[in-house]
Amino acid sequence: MHIHVTNFQYFFADVVMAAGNSLEKQIGCVKYTLFCFNVVAWMIATSLFALTVWLRAEPGFNEWLRILEAESFYIGVYILIAISIIMMAVAFLGCLSALMENTLALLVYICAQIFSFIIALSGSGVLLNYSTMHSSLQPLLLNSLNRFVSTSETRYSSYVLNMIQENIGCCGATGPWDYLDLYQPLPSSCRDAVSGNAFFNGCVDELTWFFEDKSSWIVALALTLALLNIVCSVMSFILIQAVKKEEEEARAYRH
């Protein structure tokens, strides 16, 4: 009878050890996958920071927004600059907490990921709201350009309109009729240099497409980062549960 009990104890110990080894492999797989995802997140956050800072610091772009009184465009840029800095720090925290298998650090990391996800979506939404068609940007551009067209006989307004129309390839605020309705001749900057035909599109639409092109890559990076936030949060939760289970099995085995 004693021999049977001893054999059963050995069998039970072998089963526990096998289960422990399997769980350890699973934890290692999740841990290093999470580590790799955080490295990728750090790289994307760094790219987002570089692009947003470049967009904010570009002199020509700054001048156009200032002249057109459309600097609200920068609200979303500021939010994404802040979240890119936060996400670089959060990704570093994620790497450390995953390697250490520290449940408290992983919980803090999950909270930081959720916060970053919300702010990244908010920043992307604000930036899109000031850089796309039918957004809050277009009324600002329309007011500014209508004012310049109505005073196009002045030197400053003429300079601004010529600069925008020549570089963007547009005419007036909504089209050539903006000048014709005011009984003003079309300026040479309103015409194609090759064909001599007037540009059909107004500068409001053309400028919106220009700003949209500038911000599209930034928004794409921010949304990719937000998606990584969700993936890393889920993986962190799985890792926490696996570590807790490993600790419980270790305590049960010791007893």
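Notes on the structure in this doc start here. Keep in mind it's a predicted model, so treat the numbers as computed, not measured.

All right, on to the environment of F237 then. For F237, the location among the structural elements is in helix α8 (residues 203–254). Overall, the relative accessible area of 49% leaves F237 in the partly exposed class. Separated by 134 residues in sequence, F237 and T103 have C-alpha atoms that sit 9.1 Å apart.

Before going further, it helps to examine the pattern of salt bridges. In total, this model carries 3 salt bridges according to the counting rule given. Of the charged contacts in the structure, one is a salt bridge between E101 and K31, with a shortest N-O distance of 2.9 Å. Here the residue E101 occupies a position in the loop between α3 (74–100) and α4 (103–129), and K31 occupies one in helix α1 (residues 2–57), the gap between them amounting to 70 residues. On the basis of relative accessible area, E101 is assigned to the partly exposed category, the value being 23%. Residue K31 is classed as buried on the basis of its relative accessible area, which comes to 10%.

So, on to the state of the cysteines. All told, the structure shown has 2 disulfides when counted by the stated rule. Across a sulfur-sulfur distance of 2.0 Å, C170 and C203 are joined as a disulfide pair. Judged by the torsion about the S-S bond (90°), the C170/C203 disulfide is right-handed. Here C170 is found in the loop between α6 (155–168) and α7 (177–181), whereas its partner C203 is found in helix α8, with 33 residues between them in sequence. The same class applies to C170 as to C203, namely buried. A disulfide bridge connects C171 with C190, and the sulfur atoms are separated by 2.0 Å. Of note, the bridge from C171 to C190 carries an S-S torsion of about 95° and is right-handed in sense. Here C171, found in the loop between α6 and α7, pairs with C190, found in the loop between α7 and α8; they are 19 residues apart in sequence, far enough to count as distant. Grouping residues by exposure puts C171 and C190 together as buried.

We now examine a nonpolar patch on the surface. Together, V39, W42 and M43 make up an exposed nonpolar region whose accessible area comes to about 280 Å². When you line up the elements, M43 lands in helix α1.

Applying the stated criterion across every chain, the model contains 10 aromatic pairs. Seen from their ring centres, F61 and F210 are 6.1 Å apart, and the 50° between their planes marks the pair as tilted. One end of the pair, F61, is in helix α2 (residues 59–67); the other, F210, is in helix α8, with 149 residues separating them in the sequence. Since its relative accessible area comes to 3%, F61 is described here as buried. One Lys or Arg, R147, reaches over the ring of F148 and ends 5.3 Å from the middle of that ring.

For the rest of this paragraph, the subject is the packing of helix α5 (residues 137–150) against α6. Two numbers describe how α5 lies on α6: the axes approach to 8 Å, and their chain directions differ by 125°. In terms of their interaxial angle, α5 and α6 are classed as oblique. As for how α5 packs across α6, the hand of that crossing is left-handed. From α5, L145, F148 and V149 reach across to α6, where they touch Y156, S157, V160, L161 and I164. Among the residues making up the contact of α5 with α6, the classes are represented as 7 nonpolar, 1 polar and no charged.

What counts and how
Residues numbered from 1 in each chain as written. Predicted model: local features only at pLDDT ≥ 70, side-chain atom pairs only at ≥ 80, totals over all residues. Heavy atoms only, no water. Helix = DSSP H or I, 4+ residues; strand = E, 2+ residues; numbered from the N terminus. Buried < 20%, exposed > 50% of the residue type's maximum accessible area, 1.4 Å probe, protein only. Salt bridge = Lys/Arg side-chain N within 4 Å of Asp/Glu carboxyl O. Disulfide = S-S within 2.5 Å. Patch = residues over 30% accessible without salt bridge, like charges linked within 9 Å, V, L, I, M, F, W, Y side chains within 5 Å. Areas by Shrake-Rupley, 256 points an atom, 1.4 Å probe, with all protein chains shown as cover. Phe/Tyr/Trp six-rings, centres within 6.5 Å; stacked < 30°, edge-to-face > 60°. Lys NZ or Arg CZ within 6 Å of the ring centre and 35° of its normal. Axes fitted to C-alpha atoms, helices over the stretch in contact; angles between N-to-C directions. Parallel < 35°, antiparallel > 145°, perpendicular 65-115°, else oblique. Left-handed = near helix turned anticlockwise from the far one by under 90°. Contact = heavy atoms within 4.5 Å. Nonpolar A, V, L, I, M, F, W, Y, C, P; charged D, E, K, R; others polar.

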